[in-house]
Amino acid sequence: LVSGELKQWQGATSEVYSTISSTQDYKPTLLGTVPELGGNEAIEALNAAHEAYDNGQGLWPTMKVVDRIACMETFVKLMKTKREEVVKLLMWEIGKNLPDSEKEFDRTVDYIYDTIEAYKQIDRDSAKFEKNDGVYAHIRRGPLGVVLCLGPYNYPLNETFTLLIPALIMGNTVIFKPAKLGVLLIYPLLEAFQKSFPKGVVNIIYGRGRVLAAPIMESGKVDVLALIGNSKSANILQEKHPKKNRLRLVLGLEAKNPAIVLPDADLDLAVDECITGTLSFNGQRCTALKILYVHESVVEEFNRRFSYKVDSLKFGNPWEPGVKLTPLPEVDKPAYIQELIDDAISKGAKILNKKGGETSENFIYPAVLYPVKKDMRVFIEEQFGPVIPVVSFSDIEEPLDDMAESNYGQQVSLFGKNVNTLSPLIDTLVNLVCRVNLNSSCQRGPDVYPFTGRKDSAVSTLSVHDALRSFSIRTFVASKDN
Ligand code: G3H
């Protein structure tokens with residue numbers, strides 16, 4: 001979708017396979033083909049976005065708030081008619097189970113409605129005046145310009161839209177390249193975009209990130225790089241911009257969120273929350289718990305209960321009832337997880353659960369590893385998959401020191417009961433990460449709460465309200481009279 005036109009592509013294409021097999025003897029399923037656009041087409045999309053923005057003078061950035069909201073409302077209405085198709089593709093393309101796929105769709109719809117409401121609030125606020133030192137100010141929020149938007153494969157609809165929707169409603173124009181996995185599910189929505197927004201406001205291009213994003217960044221015509229993915233790609237793209245210091249970054253990156261289980265924790269609760277935290281969507285979430293620190297006085301009991309629960313999780317196809325674990329969408333992921341397991345075992349760790357590491361097709365059963373030490377790869381690397389390192393500690397300073405030394409700083413889960421212990425600990429933890437989850441697993445939602453991170457975990461904040469700020473700038477009219 002470029003310049004309001006759904007273009008037919010005659011050039012190279014690539015095939016999209018699902019790691020879910022539709023045959024008895026395992027064979028990846030061919031789901032469809034997508035265009036492999038080149039640099040020229042990427043620049044065409046960029047120019048379309050640039051013209052539509054027209055240095056802030058275009059139809060979209062100057063459009064009345066009420067009209068921009070009407071466009072967004074049309075979009076969400078059309079989008080809702082595609083629920084079944086998109087949910088099905090979420091299951092086939094990325095292996096997300098049915099309840100979570102439905103949740104991803106519905107959460108996105110809610111997110112759009114909430115964004116509309118938050119935008120109305122900004123508009124109401126802009127009608128107010130402030131007075132300081134005899135000067136009245138009428139403060140507004142305005143767009144930043146052209147946004148390059150790149151989303152992740154694990155939430156190809158929802159998280160991508162947490163960039164796209166606020167960017168659009170604030171009056172920016174967008175070039176959007178869907179993630180490599182979860183690419184097909186944007187197709188059913190192309191027409192909705194085309195019918196809802198003026199020409200050039202949303203431009204959607206298909207192909208390889210490095211082929212398409214590089215020339216777009218090198219052009220220097222992009223004002224915002226909005227990316228959810230890894231910091232390596234974000235750094236490479238940022239470096240390509242000739243004026244990288246004035247580029248606005250909205251980035252959601254890696255994390256290695258720990259759980260800390262204190263001696264007085266409710267172990268059943270901690271185990272249940274750690275199961276959800278480590279293994280929802282097979283651990284492929286930036287918010288997943290990726291390392292469990294358990295006090296030495298309870299580690300044996302925790303490990304016993306936790307490993308038992310891990311082994312009771314049902315594996316199967318995403319649409320089957322009760323399925324929690326599914327085939328991994330990245331073909332090379334099981335081999336990577338196996339590498340982490342082998343490395344840890346070679347350095348003295350054991351797999352605690354009976355099924356840990358069993359493989360079938362593109363699936364690897366989650367392995368609980370213990371005792372995990374600092375020299376093991378799984379201690380440092382963001383595994384983004386089903387392997388769970390457990391570390392025992394005797395002094396709370398041990399996990400705190402590790403967190404302080406980590407490159408990441410998104411969230412932590414803290415399990416314990418004694419308020420006198422928890423309270424000072426929370427004060428320390430909030431300076432290491434951005435969200436402390438008390439007796440609960442880490443997560444992004446509810447979407448009204450700020451979603452961000454320290455260090456290499458994020459730049460800018462995403463939440464319904466914060467994202468509108470991240471994609472805009474405060475401007476004002478000053479006057480001596482009100
Ligand atoms: O992958 C990162 C996502 O932000 C995780 O979101 O906590 O709602 O699953 P979630």
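Computed from a predicted structure; not experimentally measured. (Residues numbered from 1 in each chain as written. Predicted model: local features only at pLDDT ≥ 70, side-chain atom pairs only at ≥ 80, totals over all residues. Heavy atoms only, no water.)

Attention shifts here to the overall build of the protein. Counting its regular elements, the protein contains 15 helices and 22 strands. The C-alpha atoms of the protein give a radius of gyration of 24 Å, which matches the 23 Å a tight globule of 482 residues would have. C-alpha extents for the protein along the principal axes are approximately 65 × 65 × 40 Å. Among the 482 residues that make up the protein, the fraction classed as buried is 56%. (Helix = DSSP H or I, 4+ residues; strand = E, 2+ residues; numbered from the N terminus. Rg over C-alpha atoms; globule rule 2.2 N^0.38 Å. Buried < 20%, exposed > 50% of the residue type's maximum accessible area, 1.4 Å probe, protein only.)

Next up on the list: the confidence of the model for the protein. This prediction gives the protein a mean pLDDT of 97; 100% of its residues lie at or above 70. We note a pTM of 0.97 for the whole complex and an ipTM of 0.98 for its interfaces. (pLDDT = per-residue confidence, 0-100.)

So, about helix H13 (residues 397–405). What H13 keeps buried is the set Pro-399, Leu-400, Asp-402 and Met-403. On an axial view of H13, the arc spanned by its buried residues comes to 160 degrees, and they lie on one face. (Arc of directions from axis to C-beta.)

Time to look at the pattern of salt bridges. Going through the model one piece at a time under the given rule, you end up with 24 salt bridges. Between Glu-104 and Lys-96 there is a salt bridge, with the nearest N and O atoms lying 2.7 Å from each other. The closest approach of N and O atoms between Arg-469 and Asp-466, which form a salt bridge, is 3.3 Å. Separated by three residues within a single helix, Arg-469 and Asp-466 lie in helix H15 (residues 464–470), roughly one turn from each other. Judged by relative accessible area, which is 40%, Arg-469 ranks as partly exposed. (Salt bridge = Lys/Arg side-chain N within 4 Å of Asp/Glu carboxyl O.)

Here we come to helix H8 (residues 231–240). Taken as a whole, H8 has its buried residues at Ser-231, Ala-234, Leu-237 and Gln-238. Buried residues along H8 cover an arc of 130 degrees about the axis, so they all sit on one side. Away from its buried face by more than 90 degrees, H8 exposes Lys-232 and Glu-239. Taken together, the buried residues of H8 touch strand E5 (146–150), helix H7 (209–218), strand E8 (224–228) and strand E9 (248–252). (Contact = heavy atoms within 4.5 Å.)

Quick look at the site of the ligand now. Every residue lining the ligand is accounted for by Arg-107, Asn-154, Tyr-155, Glu-159, Arg-285, Cys-286, Thr-287, Gln-443, Arg-444 and Phe-451. In the model, an oxygen atom of the ligand is placed 2.8 Å from a nitrogen or oxygen of the Arg-444 side chain. The residue makeup of the shell around the ligand, split by class, is three nonpolar, three polar and four charged. (Near = heavy atom within 4 Å. Polar contact = N/O pair within 3.5 Å; in protein donor to acceptor, adjacent residues only side chain to side chain. Nonpolar A, V, L, I, M, F, W, Y, C, P; charged D, E, K, R; others polar.)

Quick look at the pairing of strand E19 (residues 435–438) now. Regular strands place side chains that alternate from one sheet face to the opposite one. By the alternation rule, side chains of E19 split into Arg-435 and Asn-437, which are all buried, and Val-436 and Leu-438, of which none is buried. The pairing of strand E18 (residues 411–415) with E19 spans four bridges and is classified as parallel. The residue bridging Val-412 from the neighbouring strand is Val-436, located in E19. (Pairing = 2+ DSSP bridges.)

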